[in-house]
There are 2 protein chains.
Amino acid sequence: MTDQEPNQQLSVTERTRHRRLREQGSTSRDDLDAILRAGFVCHLGVLVDGTPMVVPTVYGVDFATRTLYLHGSVASRSLAHSPDATICVTITHIDGLVLARSVFEHGVNYRSAMIYGTPELITHATAPEALLTGLRTLTEHCAPGQWDYARRPNTKELRATSLLALPLDEASVKTASGPPEDAEGPDGALGLWAGVIPHHTRVGAPEPDPALPPGTPVPAHIAALGAPGSDSA
Amino acid sequence: MTDQEPNQQLSVTERTRHRRLREQGSTSRDDLDAILRAGFVCHLGVLVDGTPMVVPTVYGVDFATRTLYLHGSVASRSLAHSPDATICVTITHIDGLVLARSVFEHGVNYRSAMIYGTPELITHATAPEALLTGLRTLTEHCAPGQWDYARRPNTKELRATSLLALPLDEASVKTASGPPEDAEGPDGALGLWAGVIPHHTRVGAPEPDPALPPGTPVPAHIAALGAPGSDSA
């Protein structure tokens, strides 16, 4: 831009402020916990033979002890070989696609948490009580009430299960939200549509296993998980 | 189980077959491509100072050249330091939470692709044409028609952009679908509810930037992206 209007300095400041609002980091524990509560699948990064491997796996959080439990046999195998390795766990929720007037300003609205740490490998052989605690945490995180409802693991099953426990000590949160930011400046005058295509996770009504005997009631704690039209946090 | 009925051998075989159907790998290019087409955010794993880092980032695929383009400044910085490093890109779609009769058989229905390779770092300085091709691919992957509609990047913006290009050579696909598998065997007689809580990504109607002049029309290619009640693939 060659013409400097007196108000353009203000305009740029305003745009800068908007940018900070759209995409921001957070050190708030509440923000972290909200992201953790809103899902049950993370992407776990481990080092395997010098190469990063990223695997989706189920997680659950014990908010009292600030511990993240992960289910992951592949990761467990890799960590059995390098028990002091640092891992990275990332949880991301997509909220929308941001269509700006300029390609450069396009983006995604999201909430994401990244947790680093050295996990503890929990097995029936080394820590049977901790394994049960972790499995209960995982189960209750995904479906509150299910630990008391479903049949709990027997010894044979526990021997075939391993978990990772990771303290929620080193975590960072990043989010982006709101409309695109190029309304001000010359792009705002292009007459182009701009806005957000929202994405939501819709949790549907429970679908019974076709093998269930007819008339098997849906317990209240399962009915509460999903209903037609309900959205997750 | 102590009582061995003549049909239990068949029953176990049947269960084994079900398990293979529920959770399976695929080497089909069509299965890979369907997973790639169904989203635009991946989790990128890179090695930073010896530690795996997993970052969510936008991707787009050129299916003609079998190239995955990634947007990621953090990753680009790390790769500028180790240009021959292998990265791992994982794309995961969550389809449901599987509630079985036993805790051990709980799981998640999902579709996931994992791609390994050594990416090419694409910048305006080193490959200006490839950078434009990659940006067009990314933009059209997320919102077909948008590259011709929005203002394309100018030189200043291109200098501030870098992409990674990764060939789709080494990819693996894993999916899980269907109901839980413990209907047969003793757990089936417990009288417990079992089934799936379905999860869908719902793409909503376009939300205009509040800064848009009233009456700015929604172009057809943007209206086509989302409508009330529409679900993504």
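Residues numbered from 1 in each chain as written. Chains lettered and ligands numbered in written order. Predicted model: local features only at pLDDT ≥ 70, side-chain atom pairs only at ≥ 80, totals over all residues. Heavy atoms only, no water.

Looking up chain A in an unreviewed UniProt entry gives the name Pyridoxamine 5'-phosphate oxidase family protein, with the organism given as Streptomyces beijiangensis.

Colleague: Looking at this structure, I do not really get the interface of chain B and chain A. What am I missing?
Modeller: When the parts of a complex come together, some accessible area is lost, and that lost area is often taken as the interface size. Each partner contributes residues to the interface: chain B has 80 residues there, and chain A has 80 residues. It is B:Val103, B:Arg151 and B:Trp193 in chain B that bury the most area against chain A; as a group they hold 12% of the surface buried on that side. Here chain B and chain A share four salt bridges between them. One salt bridge in this structure joins A:Arg151 and B:Asp187, with 2.6 Å as the shortest N-O distance. (Contact = heavy atoms within 4.5 Å. Buried area = accessible area lost by both parts, 1.4 Å probe. Salt bridge = Lys/Arg side-chain N within 4 Å of Asp/Glu carboxyl O.)

Colleague: Would you mind going over the environment of A:Tyr69 with me for this structure?
Modeller: Residues and elements named next belong to chain A. Mapped onto the secondary structure, Tyr-69 falls in strand 4 (residues 67-71). Owing to a relative accessible area of 8%, Tyr-69 belongs among the buried residues under this scheme. Residues Tyr-69 and Pro-167, 98 residues apart in the sequence, show an inter-C-alpha distance of 8.8 Å. Among residues more than four places away in sequence, those in contact with Tyr-69 are Val-58, Tyr-59, Gly-60, Asp-62, Ile-122, Thr-133, Gly-134, Thr-137, Leu-138, Leu-163, Leu-164 and Ala-165. (Helix = DSSP H or I, 4+ residues; strand = E, 2+ residues; numbered from the N terminus. Buried < 20%, exposed > 50% of the residue type's maximum accessible area, 1.4 Å probe, protein only.)

Colleague: Explanation requested: the pairing of strand 3 (residues 51-62) of chain B in the structure shown.
Modeller: Within a regular beta strand, the side chains point alternately toward one face of the sheet and then the other, so they alternate between its two faces. Residues and elements named next belong to chain B. Most of strand 3 sits out of view: eleven of its twelve residues are buried. As paired elements, strand 2 (residues 41-48) and strand 3 share eight bridges and run antiparallel to each other. Residue pairing in the sheet places His-43 in a bridge with Pro-56 of strand 3. With antiparallel pairing between neighbouring strands as the criterion, strand 2 and strand 3 make up a hairpin whose turn holds two residues, including Asp-49 at a positive phi of roughly 55°. Taken together, the four bridges between strand 3 and strand 4 (residues 67-71) define a ladder with antiparallel strand orientation. Within strand 4, the position partnered with Gly-60 by the bridge is Tyr-69. Between the end of strand 3 and the start of strand 4, which pair antiparallel, lie four residues, with Arg-66 showing a positive phi angle near 55°. (Pairing = 2+ DSSP bridges.)

Colleague: Looking at this structure, how should I read the relation of the copies chain B and chain A?
Modeller: The operation relating the two chain copies consists of a rotation about an axis and a shift along that axis. Superposition of chain B onto chain A requires a rotation of 180° combined with a translation of 0.0 Å along the rotation axis, giving an RMSD of 0.0 Å. When the rotation and shift are considered jointly, the pair of chain copies conforms to a two-fold rotation axis. Considering only C-alpha atoms, the part of chain B nearest the rotation axis is B:Thr201, at 2.3 Å. Taken together, the interface assignments show that 100% of the residues at the interface of chain B recur at the interface of chain A, consistent with an identical surface on both copies. (Least-squares fit on C-alpha atoms with pLDDT ≥ 70 in both.)

Colleague: So what exactly am I meant to see when it comes to the side chain of A:Asn109 here?
Modeller: Residue and element names in this part refer to chain A. As for its position among the elements, Asn-109 is in strand 6 (residues 107-117). A polar contact of 2.8 Å, which involves the side chain of Asn-109, links it to the side chain of Arg-22. In this structure, Asn-109 is in contact with Arg-22, His-93, Ile-94, Asp-95, Gly-96, Val-98, Ala-176, Ser-177, Gly-178 and Val-196, ignoring residues within four places of it in sequence. (Polar contact = N/O pair within 3.5 Å; in protein donor to acceptor, adjacent residues only side chain to side chain.)

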